[in-house]
Structures are given as structure tokens and as C-alpha cells.
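Below, each chain spelled out in residue letters.
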Amino acid sequence: MKRRKFLKNSTTGTAALMTAPLLASCKDENTKNKGANDKSTPVRPIVVCTWNFKNASAKAWEILDAGGSSLDAVEQGVRVEEADVTNETVGKGGRPDRDGNVTLDACIMDKDGNCGSVVYLQNIAHPVSVARKVMEETPHIILAGKGAEQFAYEQGFKKEELLTESTRKQYEEWKKNSKYETIINIENHDTIGMLAIDKNGDIAGACTTSGMAYKMAGRVGDSPIIGAGLYVDNEVGGATATGVGEEVIRTVGSFLIVELMRQGKSPQEACEEGVKRIMAKNKDRNDFQIGFLAINKQGETGGYCVHPGFTYREFSKAGHMNNEVTSFY
Ligand code: SD4
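Residues numbered from 1 in each chain as written. Predicted model: local features only at pLDDT ≥ 70, side-chain atom pairs only at ≥ 80, totals over all residues. Heavy atoms only, no water.

(A) Fine view of helix 4 (residues 127–137). Burial of helix 4 is extensive: eight of the 11 residues sit out of reach of the surface. Those residues of helix 4 that fall on the buried side of the exposure criterion are Pro127, Val128, Ser129, Val130, Ala131, Arg132, Val134 and Met135. Buried residues along helix 4 sit in contact with helix 3 (70–83), strand 3 (104–109), strand 4 (115–121), strand 5 (142–144), helix 5 (145–154) and strand 7 (203–209). (Buried < 20%, exposed > 50% of the residue type's maximum accessible area, 1.4 Å probe, protein only. Helix = DSSP H or I, 4+ residues; strand = E, 2+ residues; numbered from the N terminus. Contact = heavy atoms within 4.5 Å.)

In C-alpha cells, the structure reads:
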């Protein structure tokens, strides 16, 4: 049965948060950012990211609060998760494909509509930074596989083993049955998509992932595809996605959500419509999760997902919080 709840929020792990040095200057609040719903007062700076990535959002906030650009904020923010080997869905320590290779997808987009992306990148721990180099140093937008890796080395990135002891063991275990399954809310965090508005009111976004665990070799998801896993239009807002990328690509989800906001929908309404479009194409199936997150130029935020469990973290002067979003089911 379809049910709609109002956006809830929770501040989990407040005690742990208070010990983190990055957060020392910010208060942790239990209430939704009030300014975010007041259309007359744009909320800036502000950063939001998929799931409750406290350290990543705090890093981005540190940059925004110091007057840095939204582009730097999202790059540096998502790098925190790329470096965290305990996060087995992003960057180093991400789960491999079915041949045992860790292949990473990431993209970044700035206020001027410039964008860069890497797909199927191996042996490099920070795909988002390679994506930024593609954006800034090449005439192209997407580099794939060996070409992307070669470009990364030319740009000074170091070769690294991305498979960890933990993911290697899980892979060996997986090989016993070799069954490809899309797990809903894996680890309760997966791909990180981040959207930020800086003090100038400029919007940027980034998205990075190791993709679906045990995917076919060569598979690329939505996360590095501009318009699918991420889209930013500085006049309107930005959107990002997590979940089964194939479904997000079929609706060009993030672009759709930004266009719906351009037509007057709130971020919340636009995310709901995005999920409904996906479900309309999946009348016989609901065994997958999709979570959309959006922000508009005013700093209003919203999210919606197929199944309960998806959350997004929001960080502004009003505080930082983990928002549970409403779901289609
Ligand atoms: C993908 N959207 O590769 C990514 C992965 C993800 O939950 O978000 N997993 O399809």
C-alpha cells in the first residue's frame, strides 16, 4: 500500500558528533532547518548528501563556512568517503565486480554547467578528483577504464590496491554461489551524492560509488552519468540519486528532478515525481531501492525513495541533521 509520511528527521549519534573536531563550531539540532522552508530567505551556505555521512558533510561544511566554493566543498566532502575503507560501497574498500576488480564511477558538476566524469576506473582511490581533472584539464566530459586510469597517472594520482582484506574475503564467499542480487539499503549507506550552495549562492554537486557489488565486468551505473546520478543547474537547483542505477538511467532521474523544480515543484515534490516515474515503468517489480535527493536555489531540500530506510544529511548554519525521507511503499 502506498503511504506518504511527512519528512522526519533525527539526529543520531549526537554524542559522537560532538567529539568530532570538524563539528566543534556547529550545533547539532533536532529540528529541521527552519530557514530552508522560508522562500524569502535563501539558505546559504548549505550542503546535503545522500545517507548519514557525518564526516563527509562536515568536511564540506568546513569549506563552505570558510567562504570556499561549492565545487571545492563537494569534491573534498565526498573524498572523505572515498578514502574510508570501512565504507564498502565507495572508493577504496569498495566491493568488486564479479571478476574481483574494484571499478569506480564518479562525476562532478559546477555552477556553470561544466562537468567531468570517470567510469570503470581502477586502481585510483579518488575518482571524484580525477573527474574534476577531466572537467578542468581536458576538452572531454567522460573518460573510461584504461584511458581514465592513464589520465589519472598523468595528473599525478598514485596507483593503489582498492580491494581490502574484508572485501576480498566477502568476494571469495560470494563466489560460492555467484548470485547477483540488488540489496535494498545496503549497509544503510552506499553511493554518496552531495549537493552544496556556497556563500555566493552558487550550486555544485558530486557523486561517487563503487557501483553495484558483483556487477558484470564493464558495467557502469547512473552515478557518473550527468543527468542520471547527478545534475546541477545554477538557476534552479541540483539533484542526485542512489540505488539501482539502471532504473535511474531509464528516467534520466536527476535531470528530470531539476526540470520539475524549474517548472515550480519543490525539491520534495520533484523527488516524489521522479520515483513515481520509475515505479510506473516497473509495474511488476519492486525489489530495488532508489533514493533521490534535491535542493533548490533557495536552499530548500527534499528526498524520496522506493522503500523506507533512505536518509540524507543536511548541514547549514541552523545545524546538522539526518533526515529520514518518505517512501513510495
Ligand atoms: C549504481 N547507483 O552503480 C549506484 C550504486 C548505488 O545502492 O547507489 N547502490 O547503480
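(B) Just the nonpolar core, in detail. Ranked by size, the top nonpolar core spans 79 residues in total, and within it Met194 and Phe292 carry the most contacts. Counting residues per element, this core draws most heavily on helix 2 (residues 54–65), at six residues. (Core = buried A, V, L, I, M, F, W, Y, C linked by side-chain atoms within 4.5 Å.)

(C) Representation of the UniProt feature "binding site: substrate" (unreviewed entry) in the protein in the model. Per the UniProt annotation, the sites labelled "binding site: substrate" (unreviewed entry) are Arg219, Val220, Gly221, Asp222, Thr242, Gly243, Val244 and Gly245. Along the chain, Val220 falls in the loop between strand 7 and strand 8 (230–233). Owing to a relative accessible area of 28%, Val220 belongs among the partly exposed residues under this scheme. When neighbours within four sequence positions are excluded, Val220 is seen to be in contact with Asp105, Val119, Tyr120, Ile225 and Ile249. In this fold, Gly243 is placed in strand 9 (residues 237–243). Here Gly243 falls in the buried class, since its relative accessible area comes to 18%. Excluding residues that lie within four positions of it along the chain, Gly243 makes contacts with Met212, Asp222, Gln289 and Ile290. (UniProt positions renumbered as here; feature names shortened; annotations may be inferred.)

(D) Structural view of the confidence of the model for the protein. Confidence in the prediction for the protein averages 89 pLDDT; 86% of positions are at 70 or higher. Across residues 1–37, confidence stays below pLDDT 50; counting only partners more than four residues off in sequence or on other chains, it has 86 contacts. (pLDDT = per-residue confidence, 0-100.)

(E) Structural view of the UniProt feature "active site" (unreviewed entry) in the protein. When the UniProt feature table is mapped to this numbering, "active site" (unreviewed entry) covers Thr191. Relative to the assigned elements, Thr191 resides in the loop between helix 6 (165–175) and strand 6 (192–197). We classify Thr191 as buried; its relative accessible area is 6%. Each residue touching Thr191, except ones within four places of it in the same chain, is listed here: Thr50, Trp51, Phe53, Thr89, Val90, Cys207, Thr208, Thr209, Ser223, Ala241 and Thr242.

(F) Local environment of the packing of aromatic side chains. For the structure on display, the rule yields seven aromatic pairs. Between Phe328 and Tyr329, the aromatic rings sit 5.0 Å apart at their centres with planes inclined by 75°, giving edge-to-face as the arrangement. Pairwise contacts between aromatic rings join Tyr171, Trp174 and Tyr214 into one cluster. (Phe/Tyr/Trp six-rings, centres within 6.5 Å; stacked < 30°, edge-to-face > 60°.)

(G) Local environment of the sheet that holds strand 9. In space, the five strands of this open sheet follow the order 8-9-10-11-14, with mixed pairing throughout. At either end of the open sheet lies a strand with only one pairing partner, and these are strand 8 and strand 14 (326–327). Pairing analysis gives two bridges linking strand 11 (residues 301–305) to strand 14, with the strands arranged parallel. Looking across to strand 14, one finds that Cys305 is bridged to Ser327. With respect to the sheet, helix 8 (residues 253–262) is in contact with strand 8, strand 9 and strand 10 (290–296), its orientation differing from that of strand 9 by roughly 145°. The strands touched by helix 9 (residues 267–280) within the sheet are strand 10, strand 11 and strand 14, with strand 11 carrying the most contacts at an inclination of about 20°. (Pairing = 2+ DSSP bridges. Axes fitted to C-alpha atoms, helices over the stretch in contact; angles between N-to-C directions.)

(H) Here's a closer look at the site of the ligand. In the neighbourhood of the ligand, the contacting residues comprise Asp190, Thr191, Thr209, Gly211, Met212, Arg219, Gly221, Asp222, Ser223, Thr242, Gly243 and Gly245. A distance of 2.6 Å separates an oxygen atom of the ligand from a polar atom in the side chain of Thr191. One of the backbone N or O atoms of Gly245 is found 2.8 Å from an oxygen atom in the ligand. Isolated, the ligand exposes 290 Å² of accessible area, and the fraction of that covered by the protein chains is 96%. (Near = heavy atom within 4 Å. Polar contact = N/O pair within 3.5 Å; in protein donor to acceptor, adjacent residues only side chain to side chain. Areas by Shrake-Rupley, 256 points an atom, 1.4 Å probe, with all protein chains shown as cover.)

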